[in-house]
Amino acid sequence: MGKITTIKVLIFSICAALLGGLSPQVHAQGTHEVSGTVTSAEDGQTLPGVNISVQGTSIGTSTDADGEYSFNVPSAEGTLVFSFVGFQTQEVPIEGRSTINVKLVSQTFEGEELVVVGYGQQEQQDVTGSVSSVSSDQIAEVPVSDAASALQGRAAGVMVANSGGNRPGDGVTVRIRGRRSLTASNDPLFVVDGIPFSGNLNDINPQNIESMEVLKDASATAIYGSRGANGVVLVTTKRGGNHETLVSYDGYLGVSQQLEEPDMMTGPEFAEMRREGFRANDNYTGNDENHFTEPELESIESGATYDYPDLVTDPAGYQQSHQITVQGGNESTRFAISGNFFNEIGIIPGQDFDRYTVRINLDHDVSDRFRIGTSTLLSRFDQAYGTNPYGGAVAMNPLGNPYNEDGTLDFRPTDDGLVANVLNDLVPGKMLDDRKRMRIFSNIFGIYDFSDNFSYRMNFGPDLSSFTRGVFQGTLTTARGEGVPYAEKRNRTTQAYTFENILTYEQTFADIHEIDATGLFSIQTDRTTRDSVSVSGLPYETQKYHNLGTASTAEDFGSYLTEWGMMSFMGRVNYQLYDKYLFTFTGRADGSSRLAESKKWGFFPSAAVGWRIIEEPFMQEQDLLSELRLRVSYGVTGNTAIDPYQTQGTLARTTYQFGDNAGYGYRPGQISNPNLQWETSKQWNVGLNFGLWNSRVTGSIEYYQTNTTDMLLERNLPITSGFNSVFENVGETKNTGLELTVNSQNLVSSGRDAFSWSSDLMFFTNKEEIIDLYGNQQDDVGNEWFIGEPLTVWYDYEKIGIWQSDEAQEADSYGQDPGEIKIKDQNGDGTINEQDRVILGSDMPDWNAGFANHFSYKGFDLSVFLYASVGQTIVNNYRNVTLNGRTNDLDVDYWTEDNPTNAFPRPDVSREYPLYRSTLTYQDGSFLKVRNIRLGYNLPPDLVQQFGLRSMRVYANAETPLLFSETGNIDPEQYGGVIEADVPTTRLYTVGVNINF
């Protein structure tokens, strides 16, 4: 069975059990027995948990783990109804038969899908807010360690990018509908199984996730109040069902290879660049002995070159994941238990990541009215963060031999006393940065039904974590430079919990009115303690960071306590009239301890209206549209995502000389602001959902605008005040955007040997804009914040070329010479100064798009996923060349008298770096990635069943096999748009297997 179908079977069987299989099966005392097997028409695999009922009666049963069923029916002439979530319902006349085998056809109609929304679920057709869903199928297509990465290119309006490093275990940055705040957090709220989840999703195994829903507009997010100001990502994990125990194994092994290999200068190219640098000063004698050291001359004479970037990276890294899942249950108890081991070894020695997770999801019906359960995660990760020698490696002199004659490392490969051999940092045990975390995250819940329409739910979500970090730097490392060893130890412990009380009322009146009301009282607290100590002068290096008390010098030490809390009241009413007019009203009041005493509480209302146009009488005669739904919403959310105690003044320790001894005192650490209040975002959204040709094509179009006022802005202060900054409620920003999602079933056919093809397209654009800063419509040039521009811009001089020899007189008027960078005189005053700086671009793209195609034929399945980001400007610091003959640079096209290029300036050994060199770094960061290609094969059911298996699938996967951009083979994807000589991006090739026992 295909992987997509396999996961669908597990999820849908759970849903089927929850929706229809929780009550005892009814076996009528009939006169006719019917039995058979239910399979998937797509690939012939049996389907457990299918509901079978006799039409017009309450008599029914469900298929077992092998897809088989058997029960008594009142008459041999009745009709059986076969229903399974995600498949077309079939009505099959009995016609006197005793054996009825059925093949269900997979088909998803938009209105049939259940979508997880805040504190509940709704059918997709009833949702009035803006919600994007990412299924377990889509999550499984890309092997990622951070589940948030699976949102990239899948959810319109959601930007996902690397956070600044490519180390194993590093997370990603997620932004939903742009950035709203200049200095407060723009991170969305993650909610896992109903409980807010702090940090990124790196502790969660992506294979445990059933779905992720992204709540984007204020109507959808206002139910989370302040915590939903930047959007909400709801993560739902897989649960058990009323069926026999199912066991599955999912595993893969992979090899990662460096994606980016910058073209650095070779030894001969570097030597020629230095010669040209001497020529620029008329100091070149023509004799290399006058311009190179003895070690360099040896390399020049032998033609040797030393590729340091290649020496500090391994040819390949490795990644593997192994998971065992056990699911099952009966009418009263359902369970899903899984254990996973994930391991990634980076391409730079000493960098690796191990994650161990155990998830226990349990549901138990104590009685017909009382249910209890838990969703519990136990996780541990060990990250060898290591060192990053790559930035130093690209700058190393390629003429310097890193090895002595006996093969040992030469700590100073050249006569430059300030440059150490970066290979020393990779000697095992010499440079350590080890990070470990243990975490218990749980939702313990109880549900009591007062009646069929009225219920109470209690959620208690403890979140306990312990984080330790140990750092060690040996004597012979670039960090210590032959100095004494250094070590530090840091510990952080967090004790947090969420306690929620939820009342839900649902009622239908006269088949015309439907009401769904939800009320909430919630408390969330967080208590975090930190302590740290750093020392130097360790007596022996083998102790690393484990025995700091032996050190001769205590560099620093400290301990900290941070506490914050939030109390919330929420009410929501969903009302439907005639099943086509939809209304949602939400109000939430939040009280935050982080804000000023009289400003702690904020109220955040929202309203949304939906019109199912497809249900109107005038739409019944057409057959083009199968769904047409208009949605309009408006709401207010708040943001309190600043560190605690910003409203209070603090003390900081200071030192002074008291005679011959050091004296210690205290000074004001920060300015208090007793007026600090909520940052507020007001958003309206217009959406249109559509379905064409019996839902062969479905999708949605959204347009939105968000205005954020009273921003929590860390405003810079004059140095004469004695403080750097203070938090204030000032300024306003605006985000506007357009989103398009289209899903199509291009070729639909059933059976293992048939060919099918489906596509998913996602496109969105978002425009950020600063409306005001300090109430005076004035720019803040110091912070590079400009009215009418995005929150982050590149503000610099504009390079228009290189001064050429025939422009010597004009260049001299600007105090420059031919071969130097030519800057545009923006105001034409004959002087280049700060008045000539302009905005050159922004790190935010004009638009993003994702395009996925899925094919299946004769047991094979193929998926191809493309991702594009267009219009952003990046700062590529690989191009931040020195051209001084001391450190290595990219092999660039630099100016000489014989090569009058306009690309890069002339080398000059008399300068540390070229004048205006930052202008060289700005590039178009647009790119197109073949994000993922996966080819799988489902072994024939008859074959795998001979080995006692339900199904088996093998697959091969290529992640980021191709990249197209103006940066060549340097990956331009980076949140913040600054590309450093950091850990290189990798492409990953894996092979895996999915086995269902």
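Keep in mind that what you see is a predicted model, and the values were worked out from it rather than measured.

Asker: How would you sum up the overall build of the protein? Please name residues and give values.
Answerer: Secondary structure summary: the protein contains 9 helices and 49 strands in total. Relative to its length of 997 residues, the protein is compact, with a C-alpha radius of gyration of 32 Å against a globular reference of 30 Å. Counting all 997 residues of the protein, 55% fall into the buried class. A separation of at least 24 residues holds for 69% of the contacts in the protein among residues at least 6 apart in sequence. For the protein, the accessible surface area stands at approximately 41400 Å², while carbon and sulfur atoms represent 52% of it. Of the charged side chains in the protein, 71 are positive and 130 negative, and the gap between their average positions amounts to 5 Å.

Asker: Explain the sheet that holds strand β3 (residues 60-62) to me, using residue names and the numbers behind them.
Answerer: Strand order in this open sheet of 4 strands is β3-β2-β5-β6, and the pairing throughout is antiparallel. Unpaired on one side and paired on the other, β3 and β6 (90-93) mark the two borders of the sheet. Ignoring strand direction, the axes of neighbouring strands in this sheet form an average angle of 20°. As judged from the 3 bridges shared by strand β2 (residues 51-54) and β3, these two strands associate in the antiparallel manner. Note that in β3 the partner of S53 across the bridge is G60.

Asker: Account for empty space enclosed by the protein, with residues named and values stated.
Answerer: For the structure shown, the criterion picks out 11 cavities of 30 Å³ or more. As a volume, the largest cavity reaches approximately 550 Å³. Residue lining of the largest cavity: 32 residues in total, with S149, N162, N166, E959 and T986 positioned closest to the centre. At the level of elements, β11 (158-162), β18 (317-329), β46 (927-938), β47 (951-965) and β49 (986-996) are the ones that each hand at least two residues to the lining of the largest cavity. For the lining of the largest cavity, the class distribution of residues is 9 nonpolar, 13 polar and 10 charged.

Asker: Account for the pairing of strand β43 (residues 860-870), with residues named and values stated.
Answerer: Consecutive residues of a regular strand have side chains that alternate between opposite faces of the sheet. One ladder, built from 11 bridges, connects strand β42 (residues 847-857) with β43; its direction is antiparallel. Residue pairing in the sheet places F851 in a bridge with L866 of β43.

Asker: Could you give an account of the sheet that holds strand β13 (residues 189-192), with specific residues and numbers?
Answerer: Taking strand neighbours across the sheet as the criterion, the 5 strands line up as β10-β15-β16-β13-β14 in an open arrangement whose pairing is mixed. Pairing within the sheet leaves two strands with one partner each, and these edge strands are β10 (131-135) and β14 (195-197). Recorded for the sheet is a direction-independent mean angle of 25° between the axes of neighbouring strands. Pairing between β13 and β14: 3 bridges, direction antiparallel.

Asker: Go over the nonpolar core with me, naming the residues and quoting the values.
Answerer: Within the largest apolar cluster, 39 residues are counted, with the highest numbers of intra-cluster contacts made by V312, Y878, L883, V892 and Y894. Taken together, the elements giving at least two residues each to this core come down to α4 (267-279), α7 (390-395) and β40 (821-823). Grouped together as the second largest cluster of nonpolar side chains are 25 residues, A150, V160, I176 and F441 included.

Asker: Can you break down a negative patch on the surface residue by residue, with the values?
Answerer: Judged by side-chain charge, E289, E294, E298, E301, E405, D406 and D415 come together as a negatively charged surface patch. Inspection of the secondary structure puts D406 in the loop between α7 and β22 (431-449).

Asker: Summarise α4; cite the residues concerned and give the values.
Answerer: With 13 residues, α4 should reach 18 Å at 1.5 Å per residue; the first-to-last C-alpha distance of 19 Å fits that figure. All buried positions along α4 are accounted for by G267, F270, A271, M273, R274, R275, E276, G277 and F278.

Asker: Describe in detail the environment of T733, supporting the description with residues and values.
Answerer: For T733, the location among the structural elements is in strand β36 (residues 732-747). Overall, T733 belongs to the buried group, its relative accessible area being 0%. Contacts of T733, omitting those with residues within four sequence positions, involve R180, T706, N707, T708, M711, E769, I770, I771 and L791. Polar contacts involving the side chain of T733 include one to the main-chain carbonyl oxygen of R180, which spans 2.7 Å.

Asker: Summarise a nonpolar patch on the surface; cite the residues concerned and give the values.
Answerer: Together, V366, F370, I372, Y448, F450, F454, L503, Y505 and F509 give the surface a local cluster of nonpolar side chains, amounting to about 730 Å² of exposed area. For the nonpolar patch, the secondary-structure elements that each account for two or more residues are β21 (370-384) and β24 (486-509). Looking at the nonpolar patch element by element, the count peaks at 3 residues for β24. One can find F454 in strand β23 (residues 454-473).

Asker: Outline the confidence of the model for the protein, supporting the account with residue identities and numerical values.
Answerer: Taken as a whole, the protein shows an average pLDDT of 89; of its residues, 95% reach a score of 70 or greater. Taken together, the stretch residues 1-30 has pLDDT below 50 and engages in 88 contacts with residues farther than four places along the chain or on a different chain. pLDDT under 50 marks residues 108-112. Its contacts with residues more than four places away, or in other chains, come to 16 contacts.

Quick notes on the rules
Residues numbered from 1 in each chain as written. Predicted model: local features only at pLDDT ≥ 70, side-chain atom pairs only at ≥ 80, totals over all residues. Heavy atoms only, no water. Helix = DSSP H or I, 4+ residues; strand = E, 2+ residues; numbered from the N terminus. Rg over C-alpha atoms; globule rule 2.2 N^0.38 Å. Buried < 20%, exposed > 50% of the residue type's maximum accessible area, 1.4 Å probe, protein only. Contact = heavy atoms within 4.5 Å. Areas by Shrake-Rupley, 256 points an atom, 1.4 Å probe, with all protein chains shown as cover. Lys, Arg positive; Asp, Glu negative; His and termini not counted. Charge placed at Lys NZ, Arg CZ, Asp CG, Glu CD. Pairing = 2+ DSSP bridges. Axes fitted to C-alpha atoms, helices over the stretch in contact; angles between N-to-C directions. 1 Å grid on protein atoms, 1.4 Å probe; cavity = no way out; pocket = protein on both sides within 12 Å on 5 of 7 lines; lining within 4 Å. Points joined across faces, edges and corners; volume = space filled by probe spheres on them. Nonpolar A, V, L, I, M, F, W, Y, C, P; charged D, E, K, R; others polar. Core = buried A, V, L, I, M, F, W, Y, C linked by side-chain atoms within 4.5 Å. Patch = residues over 30% accessible without salt bridge, like charges linked within 9 Å, V, L, I, M, F, W, Y side chains within 5 Å. Salt bridge = Lys/Arg side-chain N within 4 Å of Asp/Glu carboxyl O. Expected span 1.5 Å × (residues − 1). Polar contact = N/O pair within 3.5 Å; in protein donor to acceptor, adjacent residues only side chain to side chain. pLDDT = per-residue confidence, 0-100.

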